[in-house]
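Chain by chain, the residues:
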Amino acid sequence: TNHVVRYKLAEIYLKTEQTEKSLAYITQAIAEDQTNKYYYLLAVDIYTQANDLEGVETMYKALIDNFPKGDQYLLNLAAVYIYQQDLEQALATYNRIEDKFGINEQTTFQKQKIYLQQNNVAKAIEEGEKLIKAFPEAYQYTILLCEILASNNRQDEAIERLRPLTDGDN
């Protein structure tokens, strides 16, 4: 009748692939003690094994909202949205990550993939330009942006962007 025991039972049932029992025990443990992040993390594992993405989403949101350093789970939440094909929520989550941690390669590439999936080439290019502006010394970002341009019949723009990287070569 104690939340730690319920947590351990949930863990055991998960390891023996008894997902329903595992979920019942972790739900009770969380109801009795909402301050233990490990309970939520186990719940994520249980919902994942049960292929219940809504449950996974709920647990990640709880971790993000209720625990210090919960923002570290934002990438996981964005991935859940992608699996659910909720691309707008995924984009909003990636924007939240950028607001919190700054522009980075991983979020930019994910946002570009979403925009290209949505056939929004202009936004994908805009994301690439943000990455280049944030890291001008990283020429590979220019090359990757040029690949997007070239694959969308904008070869002339791609060539113009690549020209400065040739250091005067023709």
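Reading the values: the criteria
- Residues numbered from 1 in each chain as written.
- Predicted model: local features only at pLDDT ≥ 70, side-chain atom pairs only at ≥ 80, totals over all residues.
- Heavy atoms only, no water.
- Helix = DSSP H or I, 4+ residues; strand = E, 2+ residues; numbered from the N terminus.
- Axes fitted to C-alpha atoms, helices over the stretch in contact; angles between N-to-C directions.
- Parallel < 35°, antiparallel > 145°, perpendicular 65-115°, else oblique.
- Left-handed = near helix turned anticlockwise from the far one by under 90°.
- Contact = heavy atoms within 4.5 Å.
- Nonpolar A, V, L, I, M, F, W, Y, C, P; charged D, E, K, R; others polar.
- Polar contact = N/O pair within 3.5 Å; in protein donor to acceptor, adjacent residues only side chain to side chain.
- Core = buried A, V, L, I, M, F, W, Y, C linked by side-chain atoms within 4.5 Å.
- Buried < 20%, exposed > 50% of the residue type's maximum accessible area, 1.4 Å probe, protein only.
- Expected span 1.5 Å × (residues − 1).
- Arc of directions from axis to C-beta.

**Student:** Mind showing me how you'd approach unusual backbone geometry here?
**Tutor:** A negative phi angle characterises most non-glycine residues, just as the trans form characterises most peptide bonds. Positive phi values are uncommon outside glycine, yet Gln85 reaches one of about 60°. With respect to the helices and strands, Gln85 occurs in the loop between helix H5 (74-83) and helix H6 (87-101). A positive phi angle, near 65°, is found at Asn119, a position not held by glycine. As for its position among the elements, Asn119 is in the loop between helix H7 (105-117) and helix H8 (121-134).

**Student:** Honestly, the packing of H8 against helix H9 (residues 139-151) in this entry has me stumped. Any pointers?
**Tutor:** Packed helices, taken two at a time, are described by the angle between their axes plus the distance between the axes. Following both chains from N to C, one finds H8 and H9 inclined at 165°, their axes separated by 9 Å at the closest point. For the element pair H8 / H9, the angle class is roughly antiparallel. The way H8 lies across H9 gives a crossing that is left-handed. Listed contacts from H9 to Ile125, Gly128, Glu129, Leu131 and Ile132 of H8 are Tyr141, Thr142, Leu145, Ile148 and Leu149. Looking at the contact of H8 with H9 residue by residue, the class counts come to seven nonpolar, two polar and one charged.

**Student:** Mind showing me how you'd approach the environment of Lys111 here?
**Tutor:** Mapped onto the elements of the fold, Lys111 is located in helix H7. On a C-alpha basis, the gap between Lys111 and Leu87 in space is 9.3 Å, while along the polypeptide they are 24 residues apart. Look past the residues within four positions of Lys111 in its chain and what remains in contact with it is Leu91, Tyr94, Asn95, Glu98, Glu127 and Lys130. Here the side chain of Lys111 touches Glu98 through a polar contact of 3.2 Å, side chain to side chain.

**Student:** In this structure, what is going on with the nonpolar core? I would like to understand it.
**Tutor:** For soluble globular proteins, the rule of thumb is that nonpolar side chains tend to be buried together. Residues Ile26, Ile30, Tyr40, Leu42, Met59, Tyr60 and Leu63 are the most contacted members of the largest nonpolar core, which totals 34 residues. If you list the elements that add at least two residues to this core, you get helix H1 (3-15), helix H2 (19-32), helix H3 (37-49), helix H4 (53-66), H5, H6 and H7. In terms of residues, this core owes the most to one element, H3, which gives seven residues. Contacts of Ile26, omitting those with residues within four sequence positions, involve Tyr7, Ala10, Tyr39, Leu42, Ala43 and Ile46. Within the second largest apolar cluster, eleven residues are counted, among which are Val121, Ile132, Leu145 and Ile148.

**Student:** Would you take a moment to explain the side chain of Gln112 for this structure?
**Tutor:** Relative to the helices and strands, Gln112 resides in helix H7. The exposure class of Gln112 is buried, given its relative accessible area of 7%. In this structure, Gln112 is in contact with Ala124, Glu127, Gly128 and Ile148, ignoring residues within four places of it in sequence.

**Student:** Looking at this model, I keep getting lost on H7. Mind explaining?
**Tutor:** Because an α-helix packs 3.6 residues into every turn, residues spaced three or four apart end up facing the same way. In this model H7 runs 18 Å from its N-terminal to its C-terminal C-alpha over 13 residues, within 8% of the 18 Å that 1.5 Å per residue would give. All of the buried residues along H7 are Thr107, Thr108, Lys111, Gln112, Ile114 and Tyr115. All buried residues of H7 project into a common sector of 165° when viewed along the axis, lining one side. When the buried face of H7 is taken as reference, the exposed residues oriented beyond 90 degrees from it are Lys113 and Gln117. Tucked into the core, H7 has its buried residues touching H5, H6, H8 and H9. A distance of 3.0 Å separates the backbone nitrogen of Gln106 from a side-chain oxygen at the start of H7, and that oxygen is part of Asn104. One or two residues past the end of H7 sits Asn119, with phi positive at roughly 65°.

**Student:** So what exactly am I meant to see when it comes to H1 here?
**Tutor:** For H1, which comprises 13 residues, the first-to-last C-alpha distance of 18 Å matches the rise-based estimate of 18 Å (1.5 Å per residue) to within 8%. If you check the start of H1, you find a side-chain oxygen 2.6 Å away from the backbone N of Val4, and it comes from Asn2. Immediately downstream of H1, the backbone of Glu17 shows phi near 60°, a positive value.

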